[in-house]
Amino acid sequence: MTLTDTQPGTDQHDRFSTEVAFRSVTWDGTARGYIPSDPPKYSPAVTMHDPAPTDVDAVTYEVIRYALMSANLEHGDTIARLSMSPVVMVARDFQSSMMTETGDLVYLGSGVQYFSNQNALTVRYILEHHTENGLNDGDIWLSNDPYIGASHQSDVSLVTPVFADGELFCWLSNAQHFQDVGGSMPGSQVTTAADAFADPSSWPPLRLVEDGRMREDVEHAFVRQSRVPHYSRMDLRAAIGAIQATREKVLKLVDRYGADVVKGVMRRLLDAGEKVFADRIAKIPDGRWSHRIYTEGALPGDKNLYAYQVNVTKRNDRIIVDNAGTDPQTGSINLTYAGFAGIAEAVLTQQLIPDLAGAYGGAYRLIDIRPIPGLLNCADYPAAVSPSGVSTVMQVLSCAATAVCKMLASGTSGTRELTLGAPSANLASLIGGGLTSAGQQFIHQNTDGLMGSLAGRATRDGVDAGGQWWIPDSAIENAEQLESGMPFVLLGRRLREAGLDGSGRYRAGVGFRETMLVHGALGGQIFWYVNESFSNGQGLFGGNPGSIARARVKHATDAIDLLGQSIGIGGIDDVTGEEEILTFKGMFAFADGDVIEWTSPAAAGYGDPLLRDPELVLADIVGGLSTPETAKRVFGVVITDGRIDHTATQTERLATRRERLGREPEAELEAPDGAVQIGDVLHAVDGRWWSNGADLGRSSESYRPNAVVRETRMRDIGPEFDPADVESADRFVLREYLCPVTGYRIDAEIAVVGSELLEDVLIAVP
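Quantities reported herein were computed from a predicted structural model and do not represent experimental measurements.

Here's the deal with the overall build of the protein
Of the regular secondary structure elements, the protein holds 19 helices and 30 strands. In terms of its C-alpha atoms, the protein occupies a principal-axis envelope of roughly 80 × 70 × 50 Å. With 766 residues in all, the protein has 63% of them scored as buried. Taking contacts inside the protein between residues at least 6 apart in sequence as the whole, the part at least 24 apart equals 72%. By element, 49% of the accessible surface of the protein is carried by carbon and sulfur atoms, the whole surface being about 26500 Å². Distance from the positive charge centre (65 side chains) to the negative charge centre (101 side chains) of the protein: 3 Å.

Pasting the structure below:
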């Protein structure tokens, strides 16, 4: 299969069949996801503000631009200050946005980036379906319907129209994660849901505030669904207060400068964003980049594997994203169009134009989301989607980010430097609930996985526990916050070692391990945890995979007694008790004295570990994140008496390359003039793949069949990838694609045993 014959295509679908599958269905928000009409439809009963052309001087433009940006950022800050939920006020699992009268994004806040299109889809659905009798100034609409605009039911949007002189001027919106919106599991992420009828309720857009007055019947009906109604009511009021305060800021700006001037600035922002995005992608050759990721278990007890795939095509001045190659929807591991589109837009904007500080609407004009419906990452109704916020979203986000990173690495040095790497495919936090010793119900949504790990990049290491770039403004609870609101004692958070997992020419930031003691609870259950059988975090261009996410629990331990004796507890192995062996997906009960420990995994590395600067390896040892033994095993770097033995290191690395090829490797060569570099080892030269003089075929076809391919069982790579569930782990291999000349890795893929080679990078022939 070649790019010229079938672009964008995948291993299973050519361009024609993908496009037909997208266009042959009705995207109505009922039977499947909602895609707005283009141009947007609305009733003549709504008068849109269409500004007269107005010249705005540079100073006024900057003043208004920053005033709009500040108003939107303050919108989010107000939500955080007024909210009661830690997931909102600390983790900042929310988003604020400002849109034009037709729903084009003017500004996005610094919260959850894949909420980028959630509110715009909701706005356009309202315009298309609920404007026959016009719109009322002061109305606020509520919605959490995943088939219209939400990623899952826990993410609730409020949107409000803003009028100037009787004309619809703009829309303001926010979305935030509610601790509980109903459903059969506390926390509303129903991992056992086989369809939407077991999920929490989905609310299509309805008026929460009408003519400036709260509809108490709607508020009561919404709050009634929750196990923690006091949280839901206060978080709802926080969202209303924030959106109203922002409305006043916008109207004051309009009063001062005039509606035409302010709208003129909004439209210039859209045009400027489009131009910057177009300039960036112009530095990337036309091509197609794909990534595939696997998950285990559509429901608890299921041992099958399921694949998500994201394909990114760059053609002229447009980016096209599709999902061909993904498995059909099933179980509770699905995502709707809203989630898929939001992820695609977030990945592209965060990696290509982060310097625009949320002014991304212009870039969206050049992005076409073209998924096939009925698949895991673009499911049709009534697929269950409630757990997607902590599982499917993270996996599709990592998958899409990897594909986009491959695209960026195919451009100039400037685009390669934009590469952020993929986040870990698992947030790896805990969700559960129970009763305190006083008999009060609590819900624990541990968002500490947001402390995260940033992946290795094309020019530098990732950041240890460096957060998550898809929610740049997030934070985690400190120990006092956690213990004041929940029946837990935080025993410790410790950085993990910089080992084989996440290593590369540039390593990922290390993850961490968190240990908690249940103390002050009558009992409860953890409904969500991650205990993987295999890593999902594939490295870029030969980097090693990220960590396996792990969770452990010991029951009836002596930890409470040890605390009373002021004995330090560093981890779960410092206490005695009966350990329960956890499966990949399921739940477990807890009671006072139990100790729970989980690992937040490191993201993946970038580039062959054998190309890592020995000085960086030594720095990790000096910093206490690694050991001389790990340095030799992972990087081929020999440390003797605290110093690098350069001769022994060269010998060790040469031996590894010799083992990879099964023969003596040759020296590296300089790439010819005009070569397009892909990663570290591969180049496109005159329409052909080139690797140190080896011809690997046409660049419009996959280079992989012509590379040296070596497969190693995942758990044989190193102890970092040796899980408790050997049966599932042994379905995977690390498939290395090696330069036939030097033995360096061109790439390394996490693959199912016996699976076809994924055509992941195709560059169009000039």
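Now that the structure has been shown, the text picks up again.
Looking at empty space enclosed by the protein
With the rule as written, the count across this model stands at eight cavities of 30 Å³ or more. Volume-wise, the largest cavity comes out at about 220 Å³. What lines the largest cavity is a set of 20 residues, among which Asp-93, Gly-389, Val-390, Leu-427 and Thr-447 lie closest to the centre. Classifying every residue of the lining of the largest cavity gives 10 nonpolar, eight polar and two charged. A volume near 70 Å³ is recorded for the second largest cavity. Lining the second largest cavity, in full, are Thr-295, Ile-333, Ser-391, Gln-395, Asn-426, Trp-528, Tyr-529, Val-530, Phe-584 and Lys-585.

Quick look at the packing of aromatic side chains
Across all of its chains, the model carries 19 aromatic pairs by this definition. Relative to Phe-732, the ring of Tyr-294 lies with its centre 5.5 Å away and its plane at 70 degrees, an arrangement referred to as edge-to-face. Here Phe-732 lies in strand β28 (residues 732–738) and Tyr-294 lies in strand β8 (residues 287–296), a separation of 438 residues in the sequence. By relative accessible area, Tyr-294 is classed as buried at 9%. Consider the rings of Phe-442 and Phe-488, whose centres lie 6.1 Å apart with planes at 85 degrees: the pair is edge-to-face. Of this pair, Phe-442 sits in strand β13 (residues 441–445) while Phe-488 sits in strand β14 (residues 488–495), and the two are 46 residues apart along the sequence. The same class applies to Phe-442 and to Phe-488, which are both buried. Over the ring of Phe-169 we find Lys-263; its NZ or CZ atom is 4.5 Å from the centre of that ring. Here Arg-268 stacks its cationic end above the ring of Tyr-61, 3.9 Å away from the centre of that ring.

Digging into the sheet that holds strand β26 (residues 694–698)
If you walk across this open sheet you meet the four strands as β23-β24-β25-β26, and the pairing is antiparallel. Only two strands of the sheet have a single partner each, and these edge strands are β23 (676–678) and β26. Here the average twist between neighbouring strands, direction ignored, is 30 degrees. Note: β23 against strand β24 (residues 682–685), three bridges, orientation antiparallel. When the bridges of β24 are listed, Ile-678 appears paired with Leu-682.

Things to note about the sheet that holds strand β18 (residues 578–580)
Either a parallel or an antiparallel arrangement is found when strands of a sheet pair, and the pairing is made through backbone hydrogen bonds. If you walk across this open sheet you meet the five strands as β14-β15-β20-β17-β18, and the pairing is antiparallel. Lying at the two open borders of the sheet, with one neighbouring strand each, are β14 and β18. Between one strand axis and the next, the sheet turns through 20 degrees on average, direction left out of account.

Looking at the layout of surface pockets
Estimated volume of the largest pocket: approximately 860 Å³. Residue lining of the largest pocket: 30 residues in total, with Pro-36, Asp-38, Arg-124, Tyr-364 and Ile-367 positioned closest to the centre. Elements with a minimum of two residues in the lining of the largest pocket: α2 (15–23), α5 (118–129), α9 (337–352), α10 (361–364) and β11 (367–369). For the lining of the largest pocket, a count of residues per class yields 16 nonpolar, five polar and nine charged.

Some remarks on the environment of Ser-728
Looking at where Ser-728 falls in the secondary structure, it is placed in helix α19 (residues 726–729). Taking C-alpha positions, Ser-728 is 9.0 Å from Leu-305, a pair spaced 423 residues apart along the chain. Excluding its chain neighbours within four sequence positions, the residues that come into contact with Ser-728 are Glu-296, Lys-303 and Ser-533.

Looking at the packing of helix α6 (residues 216–224) against helix α7 (residues 229–257)
When two helices pack together, their arrangement is given by the angle between the helix axes and by the axis-to-axis distance. Running from amino to carboxyl end, α6 crosses α7 at an angle of 135 degrees, the nearest separation of the two axes being 9 Å. By the angle class used here, α6 and α7 are oblique. In this structure, α6 crosses over α7, and the sense of that crossing is right-handed. Only Pro-229, Ser-232, Arg-233, Leu-236 and Arg-237 of α7 make contact with α6, whose side of the interface consists of Glu-219, His-220, Phe-222 and Val-223. Classifying every residue of the contact of α6 with α7 gives four nonpolar, two polar and three charged.

Focus: unusual backbone geometry
The residue after Asp-38, namely Pro-39, is reached through a cis peptide bond having omega 5 degrees. Relative to the assigned elements, Pro-39 resides in the loop between α2 and α3 (58–82). In the segment running from Tyr-381 into Pro-382, the intervening peptide bond is cis, with an omega of 10 degrees. Note that Pro-382 resides in the loop between β11 and α11 (392–408). With a phi close to 65 degrees, Ser-188 is a non-glycine residue in the positive phi region. Counting through the fold element by element, Ser-188 comes out in the loop between β5 (167–177) and β6 (206–210). Residue Ser-188 is classed as buried on the basis of its relative accessible area of 1%.

Describing the side chain of Ser-143
Topologically, Ser-143 is positioned in strand β3 (residues 140–143). The buried category is assigned to Ser-143, whose relative accessible area is 2%. When sequence neighbours within four positions are dropped, the list of residues in contact with Ser-143 reads Thr-122, Asp-155, Val-156, Ser-157, Trp-203, Pro-204 and Pro-205.

Points about the pairing of strand β15 (residues 512–518)
Of all seven residues making up β15, six are buried, and the element is well covered by its neighbours. Bridge count for β14 against β15 is seven bridges, and the pairing is antiparallel. Within the sheet, the bridge partner assigned to Phe-488 lies in β15 and is Val-518. For β15 and strand β20 (residues 595–600), the ladder comprises six bridges, and the chain directions are antiparallel. Across the sheet, residue Thr-515 finds its bridge partner in β20, namely Glu-597.

Rules of the game
Residues numbered from 1 in each chain as written. Predicted model: local features only at pLDDT ≥ 70, side-chain atom pairs only at ≥ 80, totals over all residues. Heavy atoms only, no water. Helix = DSSP H or I, 4+ residues; strand = E, 2+ residues; numbered from the N terminus. Buried < 20%, exposed > 50% of the residue type's maximum accessible area, 1.4 Å probe, protein only. Contact = heavy atoms within 4.5 Å. Areas by Shrake-Rupley, 256 points an atom, 1.4 Å probe, with all protein chains shown as cover. Lys, Arg positive; Asp, Glu negative; His and termini not counted. Charge placed at Lys NZ, Arg CZ, Asp CG, Glu CD. 1 Å grid on protein atoms, 1.4 Å probe; cavity = no way out; pocket = protein on both sides within 12 Å on 5 of 7 lines; lining within 4 Å. Points joined across faces, edges and corners; volume = space filled by probe spheres on them. Nonpolar A, V, L, I, M, F, W, Y, C, P; charged D, E, K, R; others polar. Phe/Tyr/Trp six-rings, centres within 6.5 Å; stacked < 30°, edge-to-face > 60°. Lys NZ or Arg CZ within 6 Å of the ring centre and 35° of its normal. Pairing = 2+ DSSP bridges. Axes fitted to C-alpha atoms, helices over the stretch in contact; angles between N-to-C directions. Parallel < 35°, antiparallel > 145°, perpendicular 65-115°, else oblique. Left-handed = near helix turned anticlockwise from the far one by under 90°.

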